[in-house]
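The lines below spell out each chain.
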Amino acid sequence: MSMIVNRRDLDFLMYEVMDLDRLLAHPRYQDYDRDVISAVLDTAENIAEDKFLSCAAALDAHEPTFDGQKVRIMPEVKQALDTYAEAGFFAAAFDQTLGGLQMPFMVSSALGGLFTCANVGIASYFFLTQAAANMLAACGSPAQKALYLPPMLAGRWYGTMCLSEPQAGSSLSDIRTKATPVGDGRYRIEGSKMWISGGEQEISDNIIHMVLARLPDGPPGVKGLSLFLVPKFRVNADGSLGAKNNIALAGLNHKMGHRGTTNCLLNFGEQGDCFAELVGEPHQGLAAMFHMMNEARVGVGHGAVMSGLAGYLYSLDYARNRPQGRHPHEKDPTSPQVMIIEHADVKRLLMAQKAYVEGGLALVTYCAGLIDQQAVAEDQIERQRLSLLLEILTPVAKSWPAEYCLEANKYAIQVLGGYGYTRDYPVERFYRDNRLNHIHEGTHAIHGLDLLGRKVRMQDGAALAVLEAEIKKTAVEALERLDMVGYGEDLCRAFAALKDCARAVGRAGDMNRMLANATVYLDAFGHVVVAWMWLRQALVAGAALAEQPDHPDEDFYRGKLAACRYFYAHELPSVHAKFTLVASLDDSCLTMQDSWFTGR
């Protein structure tokens with residue numbers, strides 16, 4: 001059993017649930033069929049296990065260091081990324097016109113997930129590069145794309161995103177980094193950026209920073225932010241590298257997870273001119289950032305799923321091979337011990353992991369498919385519908401896996417008992433790695449505010465209406481099946497509660513009270529969406545078994561049906577109490593006073 005992927009589950013989601021074959025019939029993806037995709041995933045799995053997984057524990061124990069001059073990183077990191085680049089994977093989802101492989105995003109996401117599961121500390125470098133390149137492809141000038149994209153897609157230059165600042169954090173309105181025009185289309189950048197993953201390293205030939213900064217005439221707040229391309233080494237017109245661009249590493253941040261990825265405080269223009277190019281239009285930097293936010297946020301959610309999967313697969317293998325104890329009815333101490341997977345509570349811990357991880361994987365795979373469908377949609381109305389659906393699901397796809405696949409990691413530790421809490425086993429590392437996904441691409445709370453404060457109400461509820469229509473299609477299908485009718489009814493009741501809650505909150509006049517419990521709403525909303533994903537999987541699995549009772553994949557399909565049953569019995573009922581709480585506009589937290597936490 002592989003420790004980084006369940007290929008049967010990937011095939012099930014892509015082909016049986018998400019109908020990838022239909023997408024592959026479009027001319028845009030004419031170079032791909034099942035055999036080609038299988039071969040690509042085979043290659044990725046081999047590289048991930050050989051080059052990424054093999055050094056994951058060592059990289060976590062020996063994180064990058066800074067000697068005041070250079071960052072030192074284990075040589076295995078560069079070897080792994082060079083192998084990834086040689087396979088062409090940096091360019092997997094990019095258009096052929098840009099030098100990419102034009103792979104369906106659903107497939108490139110699955111491919112990237114293998115590497116994330118194997119070693120997230122290394123995978124972060126290519127994830128950030130692809131995000132920066134995607135933004136440049138969407139917003140850059142033809143000259144910028146011609147100069148910067150080829151080496152980025154070849155894996156010779158890496159990329160970063162520089163948003164946060166020491167005094168601002170997630171509050172982008174308070175960004176102070178400034179950009180001053182110096183003529184000939186260049187700008188001088190001055191300021192500091194904090195929490196910059198991949199911000200300094202000696203692995204790549206250059207680093208392309210995407211930096212939010214303010215022009216002299218920029219208005220206050222986020223409407224005054226512009227986006228700039230700032231290379232570590234200045235780039236000549238012919239693509240050759242010039243002098244260093246006066247970006248100083250002030251220090252490395254040492255996080256609890258992702259320890260193989262440098263995380264930096266960078267000072268721009270501290271020791272001389274730091275030159276930049278404007279990307280897109282002045283004062284439209286945040287809009288430019290949002291060109292890549294959906295894919296990046298789905299990518300963060302996918303990363304959270306894969307860290308959860310890593311723990312699930314490891315703890316499942318451990319439970320199958322660890323003898324300990326006996327069944328409660330067995331009183332004879334001389335009788336053979338059973339494998340711990342035979343114990344009911346261990347099965348509970350494994351079932352919860354399966355429900356969270358495979359439910360989360362279905363969600364991010366579905367969202368990746370929406371991105372693909374947008375790429376091939378020819379009808380403007382259909383593109384708008386897909387856009388609305390992706391808009392409302394994006395905060396959920398990012399945040400729900402970060403919360404509940406982290407729970408899966410917690411349960412993986414518990415399956416191993418005392419061993420799970422030691423560094424002799426990797427499950428505690430998976431937990432530490434996954435804990436960071438709560439803050440990547442926006443904190444958990446910010447996505448709750450976005451969902452309840454904007455997404456469910458945008459365009460008079462248009463996005464919520466599109467989601468309701470899609471969920472009702474699945475519910476109706478379930479209601480027509482005797483073995484699924486209960487699930488269909490439960491899903492309809494849960495979505496009705498979701499809508500009633502949003503309506504009640506929307507009638508409130510006090511914005512602070514409206515959004516005081518937005519995170520609770522986000523979690524409950526996510527549970528409803530994942531229940532939908534589980535019902536979609538169960539419908540396919542049930543139909544397969546009904547058509548062929550002695551199906552060779554009977555165990556796989558019965559596992560899907562069991563996990564759906566678990567989610568609807570153990571997880572979905574909790575949403576009703578949460579929606580009731582949110583709808584009540586409870587202000588317990590909002591009205592709590594600073595001095596009351598400990599007394600004066």
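Source: prediction; values computed, not measured.

Each value, and the rule that gives it
Residues numbered from 1 in each chain as written. Predicted model: local features only at pLDDT ≥ 70, side-chain atom pairs only at ≥ 80, totals over all residues. Heavy atoms only, no water. Phe/Tyr/Trp six-rings, centres within 6.5 Å; stacked < 30°, edge-to-face > 60°. Buried < 20%, exposed > 50% of the residue type's maximum accessible area, 1.4 Å probe, protein only. Lys NZ or Arg CZ within 6 Å of the ring centre and 35° of its normal. UniProt positions renumbered as here; feature names shortened; annotations may be inferred. Helix = DSSP H or I, 4+ residues; strand = E, 2+ residues; numbered from the N terminus. Axes fitted to C-alpha atoms, helices over the stretch in contact; angles between N-to-C directions. Parallel < 35°, antiparallel > 145°, perpendicular 65-115°, else oblique. Left-handed = near helix turned anticlockwise from the far one by under 90°. Contact = heavy atoms within 4.5 Å. Nonpolar A, V, L, I, M, F, W, Y, C, P; charged D, E, K, R; others polar. 1 Å grid on protein atoms, 1.4 Å probe; cavity = no way out; pocket = protein on both sides within 12 Å on 5 of 7 lines; lining within 4 Å. Points joined across faces, edges and corners; volume = space filled by probe spheres on them.

All told, the structure shown has 25 aromatic pairs when counted by the stated rule. With 5.7 Å between their ring centres and 70 degrees between their planes, Phe556 and Tyr557 make a pair best called edge-to-face. Like Phe556, the residue Tyr557 is buried in the burial classification. In textbook terms, an aromatic cluster arises when at least three aromatic residues are bridged by ring pairs, as seen for Phe52, Tyr84, Phe89, Phe90, Phe115, Tyr125, Phe126 and Tyr158. The aromatic ring of Phe556 is capped on one face by Arg8, whose charged end is 4.6 Å from the ring centroid. Of note, Arg186 hangs over the ring of Phe275, and the distance from its end group to the ring centre comes to 4.0 Å.

The subject of this paragraph is the UniProt feature "domain: Acyl-CoA dehydrogenase/oxidase N-terminal" (unreviewed entry) in the chain. In the numbering used here, UniProt assigns the "domain: Acyl-CoA dehydrogenase/oxidase N-terminal" (unreviewed entry) feature to residues 39-155. Between the first and last C-alpha atoms of residues 39-155 the distance is 21 Å; the span itself is 67% helix and 3% strand.

Orientation of helix α15 (residues 485-506) relative to helix α17 (residues 518-547), taken along the N-to-C sense of each, is 155 degrees, at an axis distance of 10 Å. The orientation of α15 relative to α17 falls into the category roughly antiparallel. With respect to the hand of their crossing, α15 and α17 are arranged in left-handed fashion. Residues Tyr487, Gly488, Leu491, Ala494, Phe495, Leu498, Cys501 and Ala502 of α15 pack against Tyr521, Phe525, Val528, Ala531, Trp532 and Leu535 of α17. Across the contact of α15 with α17, the residue classes break down as 13 nonpolar, one polar and no charged.

In this section: empty space enclosed by the protein. What the rule picks out here adds up to four cavities of 30 Å³ or more. By volume, the largest cavity is sized at about 110 Å³. Together, 14 residues line the largest cavity, and Asn6, Asp9, Met306, Leu309 and Leu361 are the ones closest to its centre. Sorting elements by how many residues they give to the lining of the largest cavity places helix α9 (residues 285-321) first, with five residues. A volume near 70 Å³ is recorded for the second largest cavity. It is helix α4 (residues 56-61) that contributes the most residues to the lining of the second largest cavity, three residues altogether. When the residues that make up the lining of the second largest cavity are grouped by side-chain class, the tally is three nonpolar, four polar and four charged.

Moving on, we come to the UniProt feature "domain: Acetyl-CoA dehydrogenase-like C-terminal" (unreviewed entry) in the chain. According to UniProt, the feature "domain: Acetyl-CoA dehydrogenase-like C-terminal" (unreviewed entry) maps to residues 469-593 in the numbering used here. Between the end C-alpha atoms of residues 469-593 the distance is 43 Å, and the span holds 76% helix and 0% strand.

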